[in-house]
Amino acid sequence: MSGIAGIFSKNKLSYAQKYVVQSIQQDMALRGDDEKGEWVNQSQQMMLAYNMLSFYDSSTELSQPLTYENLTIVYDGSIYNYKELKKQLEQNGYIFLLGSDMEVILKAYHFWGEKAFEKISGTFAFAIWDDYNLTLCRDRFGLKPIYYYFNGEDFYFASSLPALAKNININRTINKEALLLYLSMQAVLPPPYTPFNEFKKMDSHSVLQITLSSEGLQIFNRKYDTAIYPFTSNELSQDVIIEMVRKQLIKSISDRIPQNGDIGIWLSGGLDSSLITAICVKELGIKPKTFSIGFNGDNDHNNQSNEFCYSRSVVSEYLTDHMELFVENDEIQDCIDACLRNANEPMMSNDYIGHYILSKYTHQQGLKVALTGLGADEIWYGYSWHKKLLYANM
């Protein structure tokens, strides 16, 4: 996780505007503290800034912002198929300094233009400046955030809504429609909504292009094609489909393993995290560190209110390097303020408190990447209410 920010102005940037971007960058320090940087274009109308969390040895990664010919990029994320794209670009004459995924994105955009976004598989949010236009892009599921503010003359953007809203000196007003959506859906607000009328959230699998014309700054919003793996199953047997899913699962997990192989897994003992663990060990030959978390106020680590019995069963089968984190009630109370401060938006679920505690513990064990089963229930209709929705639509 890293943080990106910037401003594109109709006029030459003032010292105060540059300071706003620097303040946003400072307030995003928790998104990455390995390196930070900033860049201002020649006409002094565009400024980019970033905070980087390095997944690998810093000698194999390029500093940001990165420039190639007339293109400059700041980037948050991880591209899973960058080696495949790099090979295609090399066949078309491109030369790479280190071949990082950020360098591949920049040169892919130089070669294919916006068609490059359709080829990229990963979680990402990035901004590219090309001397005239600012282009922002988000991944297919919108896992990496971009928020923005536009007043007609200045366009600010950032990975963090609190950092953006805190440092732009305007009167913030509550978006009542967004509040209604939040209370009724009990979920994170859908784009373009944020809790404030003045700030917007960029949509998933979308491109925002900000252009300076004689009429001032103009914003163009469009979607890109998400069918990176076109697939039809009308005439395939169940056995063939199962094998295709198995191979894709193995590839998906393999693509997410860092180059140094140092990986953690949040292991609840449920189907999804257990399957990830099994594939890492049996198919990829990796012995991951696994982590389980339990909550109880009575110091009974075997109480049924935690899931240790299920995760222990998986650990005994696959012999992972396993760690259990047992959280007392007072520890939860101590971290609530930190959870609220670090959340981009309000969340109805209390799950993120456990995720915050487990993320902190995983980092303390020397890891920066952990795989989880989060999101699988949404894809495979894993919740009981999914079946009700399915039958309701039949």
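Preceding this section is the structure that the text describes.
Read on for an overview of the structure. (Residues numbered from 1 in each chain as written. Predicted model: local features only at pLDDT ≥ 70, side-chain atom pairs only at ≥ 80, totals over all residues. Heavy atoms only, no water.)

## Here's the deal with unusual backbone geometry
No. 1: Cis geometry is found at the peptide bond from proline 191 to proline 192, where omega equals 5 degrees.
No. 2: For proline 192, the location among the structural elements is in the loop between helix 6 (176-185) and strand 10 (200-201).
No. 3: For histidine 205, which is not a glycine, the phi torsion comes out positive at approximately 35 degrees.
No. 4: Residue placement: histidine 205 occurs in the loop between strand 10 and strand 11 (206-213).
No. 5: Taking relative accessible area as the criterion, histidine 205 reaches 22% and is therefore assigned partly exposed. (Helix = DSSP H or I, 4+ residues; strand = E, 2+ residues; numbered from the N terminus. Buried < 20%, exposed > 50% of the residue type's maximum accessible area, 1.4 Å probe, protein only.)

## A closer look at the pattern of salt bridges
No. 1: Considering all chains together, one arrives at 14 salt bridges under this definition.
No. 2: For the salt bridge of lysine 251 with aspartate 255, the shortest nitrogen-to-oxygen distance reads 2.8 Å. One end of the pair, lysine 251, and the other, aspartate 255, are both in helix 7 (residues 238-255), four residues apart, so they sit about a helical turn from each other.
No. 3: Judged by relative accessible area, which is 29%, lysine 251 ranks as partly exposed.
No. 4: Residue classification places aspartate 255 among the partly exposed positions, given a relative accessible area of 24%.
No. 5: One salt-bridge network, in which partners are shared between bridges, spans Arg31, Asp76 and Lys144. (Salt bridge = Lys/Arg side-chain N within 4 Å of Asp/Glu carboxyl O.)

## So, the environment of leucine 71
No. 1: Inspection of the secondary structure assignment puts leucine 71 in strand 5 (residues 71-79).
No. 2: Since its relative accessible area comes to 4%, leucine 71 is described here as buried.
No. 3: When the C-alpha positions of leucine 71 and phenylalanine 295 are compared, they lie 49 Å apart, and in sequence the two are 224 residues distant.
No. 4: Every residue in contact with leucine 71, bar those within four places of it in the chain, is listed here: Leu66, Leu106, Tyr109, His110, Ile128, Trp129 and Asp130. (Contact = heavy atoms within 4.5 Å.)

## A few points about the nonpolar core
No. 1: By size, the foremost hydrophobic cluster in this structure holds 25 residues, and its most contacted members are Ile73, Tyr75, Phe124 and Phe126.
No. 2: Elements represented by at least two residues in this core include exactly strand 5, helix 2 (82-91), helix 3 (101-112), helix 4 (115-119) and strand 6 (122-129).
No. 3: For this core, the element with the highest residue contribution is helix 3, accounting for six residues.
No. 4: One finds Val74, Ala125, Ala127 and Phe155 within the second-largest nonpolar core, a separate group that totals 20 residues. (Core = buried A, V, L, I, M, F, W, Y, C linked by side-chain atoms within 4.5 Å.)

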